[in-house]
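# Summary of structural features
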Amino acid sequence: MGYPHPSHPRETVVLSRYFGDAGARSYRGWVERGGYAALKAALGMAPDDVTNMVKESGLRGRGGAGFPTGLKWSFMPKNDGKPHYLVCNADESEPGTFKDREIMRWTPHQLIEGCAIAAYAIGAETCYIYIRGEFTDPLRIMTDAVAEAYAEGALGASALGSGKRIDMVIHRGAGAYICGEETALMNSLEGKRGNPRIKPPFPAQAGVFGMPTTINNVETLAAVPHIVTRGAAWYKALALGNPKSTGTKLISVCGHIQRPGNYEITLGFPMKDLIFDLAGGMRPGRTLKAVIPGGSSVPIMNAAEVEDCPTDYENIVAHGSQLGSGGMIVMDDTTDMVYQIWRLARFYAHESCAQCTQCREGTAWTTKVLERILAGKGKPEDLDLLLDLSENMTGKTICVLSDSCAAPVVSGIQKFRSEFEAYISRARKPALAAV
Amino acid sequence: MSQHLAQLHGAGHGRSGGHAAPHEPVLVGDTRARLEQLFTKYPTKAACLLPALWLVQEARGWISEPAMAEVAAVLGLTPAYVKGVVTFYTMYHTHPVGRHFIQVCTTSPCGLCGAEDTMKALLERTGCRELGATSPDGRFTVMEVECLGACGFPTPILVDDDFIEDVTPDRVAEILKRYP
Ligand SMILES: Cc1cc2nc3c(=O)[nH]c(=O)nc-3n(C[C@H](O)[C@H](O)[C@H](O)COP(=O)(O)O)c2cc1C
Ligand code: SF4
Ligand code: FES
């Protein structure tokens, strides 16, 4: 539901059903709402059958890349005699995204149950839940819930009496956007600086502590108990015309919008209706100018692209962007696009881990050039320079943070070029003091 | 990670002594017991570095060089390695900060909804000269931070461990009253 707002009749409420219901937070409360039946059922199945079920459902990663979840699990080696690890990515730091926080705040046991099922399926006895350090409430709630799940016997040496060991550890991050990148997160978990690793090896071969590891986003794992209980066919049927994008997705809507919040939709739901109907549309007298649909790391869409775009993985790509994490940043006609793009570039420059030259230099230089344009000191050739820089930052680095900085810059210049030109020609008053 | 606290404010003010005071071990008693408990949850001791640093910061308010050396000794790491890790993350303080540490998000989604005005109001009302500086009375330090993962509740701020949503300039005075 659109927490903090009441559920909208056009939402498909699965993961968010108990947002705002404090009674769902305790173990007892979760069990009364049907919780832990899925874990019980999964523990009675062969691990591979659980993986196949998830494969069959069509569930894809909700952390940004959209990789098929069951397929990822199936990459884990079998009978290799090594410890396996499950890592839950709860670093949620992608600007515009605030869904994992609500899952953990309201339904901690939904996540614990999903993690336990996934751990069982991939043959892991230990699951680390890496929560960003600033999430003080989710950290407290998740820590209490894990302790309760141990006390109730759902976790520990014999999860729900199955004879299977499932341990769960909450790990607190310490402030670094880059630690959301899966291999940076693993380094951080090992007590290192959060630098992304060169792949291969992929996590399923050598992940955290050098052992086979599966890493999934909070929302991905929270969907798993529902698939186990209601079946792969039910989940797969949750699609609006595109069989490659199945299930429900929490969309965090923020920015210039009347009712910011998390809306749970069936994938394929019209983006325009999501913005104007579910989230209440623009402030009075305002019109839609742009949307960044997948967290700040994806290309900017203009109002025309939003008009007939179904909200799912493939269709958003066809309309010039990506679903990403599902954090939708809405901008109305009062928005200074150049200023917003500069602010995003500054974010990436600040968060670059500085390992790769193209990223370290590129994010800083991009920010400087945009600053100069905003200060009324831009030159006509600056737009080509920005595009050139972006080109050099795309597809050439260890992780995609560098590409993420280029995405709003390139799409912004393509779609809102006249706004840049207005600053460069001095037709528009400088927005920043000279640097 | 380029703009770290260390460069942003002069050391000296704030709590619990400066650099001159001899280092009193932190990882003792109850704190040590909590750390030892953590050793059982990870296959390596090094994995307890971030948790150990949290324990130090909880106890002392910041992480001094001697404290880093102490953590290094307990975990079998070098002080230089520990310092490299401490300075990578924005939430660890390598200098004393005010009695209350305030983090305010100004990233684009919040920026669209007036976060910069909230930040200015926080600076003004706390008496902090600039971002990263501690107020003359030692009560507050204000830091601008990137997305706090609560963009639907602009502007979120963290005061110590209290996460506060929907902070507008007109709410600032009332909120600060709660932190003497
Ligand atoms: C710079 C960067 C930041 C990321 N931040 C997050 C994050 O905060 N949370 C998350 O789940 N995934 C994040 N990801 C994606 C992860 O690397 C990874 O794809 C994801 O955790 C896999 O889980 P999934 O398959 O369930 O989506 C980030 C990726 C990059 C490159
Ligand atoms: S692309 Fe940037 S953030 Fe990613 S590894 Fe390279 S320097 Fe670090
Ligand atoms: S941008 Fe402020 S919380 Fe996300």
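Nothing here was measured: the structure is a model prediction, and the numbers come from that model.

Helix and strand counts for chain B come out as eight helices and four strands. Secondary structure of chain B in N-to-C order comes out as α-α-α-α-α-β-α-α-β-β-β-α. Out of the 180 residues in chain B, the part that is buried amounts to 56%. Approximately 7,500 Å² of chain B is accessible, and the part contributed by carbon and sulfur atoms is 53%.

Taken together, the neighbourhood of ligand 2 is formed by 13 residues, with A:C353, A:Q355, A:C356, A:C359 and A:C399 sitting nearest. Residue classes in the shell around ligand 2 are distributed as nine nonpolar, four polar and no charged.

With that out of the way, let us pick up the packing of aromatic side chains. All told, the structure shown has 17 aromatic pairs over all chains when counted by the stated rule. Here the aromatic rings of A:F347 and A:Y348 are separated by 4.9 Å at their centres, their planes lie at 80 degrees, and the arrangement is edge-to-face. For A:F347, a relative accessible area of 1% corresponds to the buried category. Residue A:Y348 is classed as buried on the basis of its relative accessible area, which comes to 0%. When the centroid spacing of 5.1 Å and the interplanar angle of 55 degrees are considered together, the rings of B:W54 and B:Y92 count as tilted. Remark: B:Y92 occurs in the loop between α5 (79-86) and β1 (100-105) and B:W54 occurs in helix α3 (residues 49-60); sequence separation between them is 38 residues. Overall, B:Y92 belongs to the buried group, its relative accessible area being 0%. Among the aromatic residues, those joined into a cluster by ring pairs are A:Y85, A:Y128, A:F209 and B:Y42. Positioned above the aromatic ring of A:Y313, the side-chain terminus of A:R60 is 4.0 Å from the ring centre. The aromatic ring of A:F135 is capped on one face by A:R132, whose charged end is 5.4 Å from the ring centroid.

How each quantity is defined
- Residues numbered from 1 in each chain as written.
- Chains lettered and ligands numbered in written order.
- Predicted model: local features only at pLDDT ≥ 70, side-chain atom pairs only at ≥ 80, totals over all residues.
- Heavy atoms only, no water.
- Helix = DSSP H or I, 4+ residues; strand = E, 2+ residues; numbered from the N terminus.
- Buried < 20%, exposed > 50% of the residue type's maximum accessible area, 1.4 Å probe, protein only.
- Areas by Shrake-Rupley, 256 points an atom, 1.4 Å probe, with all protein chains shown as cover.
- Near = heavy atom within 4 Å.
- Nonpolar A, V, L, I, M, F, W, Y, C, P; charged D, E, K, R; others polar.
- Phe/Tyr/Trp six-rings, centres within 6.5 Å; stacked < 30°, edge-to-face > 60°.
- Lys NZ or Arg CZ within 6 Å of the ring centre and 35° of its normal.

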